[in-house]
Every structure is written in structure tokens, then in C-alpha cells.
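Per-entry structural report
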Amino acid sequence: MNISNNIAEIKDKIAHAAHKSKRNPEEIQLVAVSKHFPLEKMQEAMGAGQYLFGENYIQELQNKKSLLLAGAIFHFIGHLQSNKAKIAAEICTVIETLDNYKLARTLNNHLEKLNKRIDVLIQVNIGNDPKKAGIAPDDARTLLIQLRDLPRIKASGLMTIPPYDADPERSRIHFSNLRILAKKLTAENLFPEQTKPELSMGMSGDYLIAIEEGATIIRVGTAIFGKRQ
Ligand SMILES: *Cc1c(COP(=O)(O)O)cnc(C)c1O
């Protein structure tokens, strides 16, 4: 299978899962996770109309940004250190992995100088997995309240990576918990510019279940590009 066939197949499956759960497939964004994949593969994806990529590492993101054809859009989905925040702020349209106020403040300062505003998602460790990044569900609320003071940052939703399980059905409870948390926070007006908060959840193994549970952003790597080296 080549990349454009993989993308077409995933889009079919997205549409099917959306209809099954009475959702509009248009409200689900596919992020092609391109970490560790070479530019040629990303160009192939762009040839198939896939312009939105997710990257985890700042150095790799920076190299690719400078070499790729115009038109590529990036979400940052890795662990972001404050000393790399400037580059992420320059290149990305969305930071999906915000999990502390210090980083938010640093980002806001850089964005001020860049005269730019970006969307962020709060990364929540919804399954309390010691191996996963993200803040505890209770702390998401505190962080969102703090973000009200940072005008360059638009809080637009939540992101999570559930504990790994070979059975994708086991992710369902975590996805549904993230949706419930987002609903609660929305009722407190903590996503003030968002009628419906973004929910970034679901990867190659479990994105169909994530869609059934309300995902608006899915992050898919290996199902598009094949196995990572
Ligand atoms: C690598 C990665 C993905 C993609 O994982 P696949 O299993 O290759 O689809 C999604 N989200 C995050 C945060 C990642 O680091």
C-alpha cells in the first residue's frame, strides 16, 4: 500500500465511523504524524491532499519546515520544553501538549513578539498513567483559569494519550472520560471562544473508537506512513 491509498482508506473509515455515531465527518481533522519519517513521505502525503502534520521533536520540525513545500501546517504533539517554545510558537498553528503554566507564559511572551496568536490544547493524563505526560484532570481546570490572563493563547480543547493497550476497546473509557471532562470545563466557560472544544484523541490503533467517543482531531502516524524506523 502506498501513502495516498492509506490516506484514502483512513478517510473512508473516518466517514464511516462518523456516520455510525451520527456525526459530521467534516468536524474531524486528520493529523498525519510524521515524526521520524523523511520529507519524501510527507511530500507524498501532500500530493494526496494531506497538508496537516504532527511533529514531536523541535529540531526535526525546524528542519522539515525549512525544506518542505509551502502549504504544510504543523501541530506540535511532543513534550515541549520552555527553551524550545519560541520555535514551536513560530512554526506551529496548534500546540497540542500544553501541560503547565510556566510553559504557557513563555509561549505567550514569544507570541507577543511575533504578533501572533495560537490555539493550544491541554494535555490531560486521563488514565493516570505514570508513563504518560499531561496534567491530572483536576489540574486542567486550574490551568485553564490561568490561561485567561494570557491573551496570545487561545484555549481550544483537550488532548490525551491513553495508557497503551493492544485492545483498542480498552481506550474507549479514557476517550469518553476526556469528552466528559471537556463538557464540564465548557460549562464553566473555560473555552470561552469555542462553542465546542476540540478533543484530540485516537492514534493508528484506536482512532475509530476515538471518533465514536467524540474526537475532533485524530493523530495518525503508522497507518499512513508505515512502520517507523
Ligand atoms: C507518535 C504519536 C502518534 C501517532 O502514533 P501512531 O501509532 O503511529 O499512529 C500520535 N500521537 C502522539 C502524541 C504521538 O507521539
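Notes on the structure follow. Sequence order sets the numbering: in each chain, residues are counted from 1 along the sequence as written. Local features in this predicted model are restricted to residues of pLDDT 70 or higher, and side-chain atom pairs are both shown and tallied only at a pLDDT of 80 or more, whereas totals for entire chains, interfaces and linings draw on every residue. As a rule here, side-chain values come from all non-hydrogen atoms in the structure, and water together with hydrogens is ignored.

**Quick notes on the overall build of the chain**
Inclusion rule: Strands are runs of DSSP state E lasting at least 2 residues, helices are runs of H or I lasting at least 4, and numbering of each runs from the N terminus. Here the globule rule reads 2.2 Å times residues to the power 0.38, and the radius of gyration is calculated from C-alpha atoms. Accessible area is worked out with a 1.4 Å probe on protein chains only. A residue is then buried under 20% of its type maximum, exposed over 50%, and partly exposed in between.
Scanning the chain for helices and strands turns up 9 helices and 8 strands. At 17 Å, the chain has a C-alpha radius of gyration in line with the 17 Å of a compact globule built from 229 residues. Here the C-alpha coordinates of the chain stretch approximately 50 × 40 × 30 Å along the principal axes. By the burial criterion, 50% of the 229 residues in the chain qualify as buried.

**A closer look at the environment of Asn63**
Note on placement: Asn63 falls in helix α3 (residues 58-67). Judged by its relative accessible area of 40%, Asn63 falls in the partly exposed class. Between the alpha carbons of Asn63 and Leu39 there is a distance of 9.7 Å; along the sequence they are 24 residues apart.

**Examining unusual backbone geometry**
A negative phi holds for most residues other than glycine; trans holds for most peptide bonds. With a phi close to 50°, Asn115 is a non-glycine residue in the positive phi region. One can find Asn115 in the loop between α5 (101-114) and β5 (118-123). The phi dihedral of Asn128 falls on the positive side, at around 50°, and the residue is not glycine. Here Asn128 lies in the loop between β5 and α6 (137-147). With relative accessibility at 59%, the residue Asn128 sits in the exposed group.

Purely geometric stuff here, so don't read any function into it on its own.
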